[in-house]
Amino acid sequence: GSMKPVIVVHGGAGRIFKEREEGCRAGVVRAALRGYRILKQGGSAVDAVEEAVRSMEDDPHFNAGCGSVLNEKGEVEMDAIIMDGKNLDSGAVSAVKCIANPIKLARLVMEKTKHMLLTDHGAYLFAQAMGIPEIPGEKLITERSRERWKKNLEPDSNPEEFQKDLGTVGAVAIDSEGNVACATSTGGLSNKLIGRVGDTACIGSGGYADNHSGATSTTGHGESIMKVVLARLILYHMERGMSPEVAADTSLDYMKTRVGGLGGVIVVSKAGEWAARFSTKQMSWATVKDDNLHYGIYAGEEHIKSVDEALASEREGL
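Residues numbered from 1 in each chain as written. Predicted model: local features only at pLDDT ≥ 70, side-chain atom pairs only at ≥ 80, totals over all residues. Heavy atoms only, no water.

## Considering the sheet that holds strand 5 (residues 169-174)
And then number 1: Pairing is mixed across the open sheet formed by nine strands, whose spatial order is 4-3-2-6-5-1-11-12-13. On the outer flanks of this sheet lie strand 4 (117-119) and strand 13 (303-306), each paired with one strand and no other. Averaged over neighbouring strand pairs, the angle between their axes works out to 10 degrees when direction is ignored.
And then number 2: In this structure, strand 12 (residues 292-298) lies alongside strand 13, joined through four bridges in antiparallel fashion. Within the sheet, the bridge partner assigned to Asn292 lies in strand 13 and is Ser306.
And then number 3: Those strands touched by helix 2 (residues 45-57) are strand 1 (6-14), strand 2 (78-84), strand 5 and strand 6 (180-186), and its axis lies near 160 degrees from that of strand 5.
And then number 4: Here helix 3 (residues 102-112) sits on the sheet and contacts strand 2, strand 3 (89-96), strand 4 and strand 6; the angle it forms with strand 3, its principal contact strand, is near 135 degrees. (Pairing = 2+ DSSP bridges. Helix = DSSP H or I, 4+ residues; strand = E, 2+ residues; numbered from the N terminus. Axes fitted to C-alpha atoms, helices over the stretch in contact; angles between N-to-C directions. Contact = heavy atoms within 4.5 Å.)

As structure tokens, then:
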């Protein structure tokens, strides 16, 4: 292929507590480097976004996979989606429990079934049929998630307050063949109702990928994102000629003024231009293009390192 590969990842929009910043930064950087390595070796955008998201699902700093927040009953229920921009194939799972990597299951839904979304018990049966190991639910629960869940149960607590620092993880990429893909995964909202599914598993809201325009993955207040079909809205603006950055800002602005929702997005265009934008206080993000790594958490913050330098400090454990 003749396209220069690009990957962009996010680790969730919201408020990131000081003591967690370093871990979030390191986690998105690691995910971006892993995805980029696949692209550099000629791998597909779909492989790259799945690998990047899997890396963040395994990192307890993020609200996805291990480290997911708990629902009202104190359990982990996760949602994930993956989409291939070549043919608009997509796979998603919602309200899944007891598996380490929902994104892997979403990809199997895309590739091994004629369906696009499997939920709860059905997703569980499908995971069994595919030989995905079941893990005890407690394995996914961190001390921090349990603490927060308890706090939210107190009579004077306001779970809404806590939901500000939560997010989702996601990745978008374009490979050397010019194919784009997106992947998004989350544990959802803290103390949510049992069976609540947010934007992540919904095509066009939690993510969308189309070779004709680009790919995007979203994070933020799920119900607001669903109301404006945020991922697809951004690509619509790009189809009308906006740059990824302007399309992202315009769409986030619309979501804020129309429904009062905050969030963040990552975007890559079919030409390999990228953007990472958010209307929340923070969003951890990282991107690799032209062998340079860019990353940040605060608005206006952007660090740039060569990939070689980044990999060297990765090996020293940052």
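Still to come is the rest of the account.
## Description of the nonpolar core
And then number 1: Residues Ile7, Val9, Ile82, Leu105, Ala286 and Val288 are the most contacted members of the largest nonpolar core, which totals 54 residues.
And then number 2: With eight residues, the top contributor of residues to this core is helix 1 (residues 18-40).
And then number 3: Once residues within four sequence positions are removed from consideration, Val9 is found in contact with Val28, Ala31, Ala32, Ala52, Met56, Gly170, Ala171, Ile266, Ser284, Trp285 and Ala286.
And then number 4: If you look at the next biggest cluster of nonpolar residues, it comprises 31 residues, including Ala231, Ile234, Ala276 and Trp285. (Core = buried A, V, L, I, M, F, W, Y, C linked by side-chain atoms within 4.5 Å. Buried < 20%, exposed > 50% of the residue type's maximum accessible area, 1.4 Å probe, protein only.)

## Re the environment of Glu22
And then number 1: Assignment of secondary structure puts Glu22 in helix 1.
And then number 2: Relative accessible area serves as the criterion here: at 54%, Glu22 is assigned to the exposed category.
And then number 3: Placed 88 residues apart in sequence, Glu22 and Met110 show a C-alpha to C-alpha distance of 34 Å.

## Focus on the UniProt feature "active site" (unreviewed entry) in the protein
And then number 1: Cross-referencing UniProt, the feature "active site" (unreviewed entry) maps to Thr168 in the present numbering.
And then number 2: Summarising the element assignment, Thr168 is placed in the loop between helix 6 (159-162) and strand 5.
And then number 3: For Thr168, the contacting residues outside a window of four places in its chain are His10, Gly11, Gly12, Asn63, Thr184, Ser185, Thr186, Thr200, Thr218 and Thr219. (UniProt positions renumbered as here; feature names shortened; annotations may be inferred.)

## Topic: helix 2
The periodicity of an α-helix, 3.6 residues per turn, causes residues three or four positions apart to be oriented the same way.
And then number 1: Between the first and last C-alpha of helix 2 there are 18 Å, a value that for 13 residues agrees with the 18 Å anticipated at 1.5 Å per step.
And then number 2: Counting buried positions along helix 2 yields 11 of 13 residues, so the element is predominantly enclosed.
And then number 3: All of the buried residues along helix 2 are Ala45, Val46, Ala48, Val49, Glu50, Glu51, Ala52, Val53, Ser55, Met56 and Glu57.
And then number 4: Lining the buried residues of helix 2 we find strand 1, helix 1, strand 2, helix 3, strand 5 and strand 6. (Expected span 1.5 Å × (residues − 1).)

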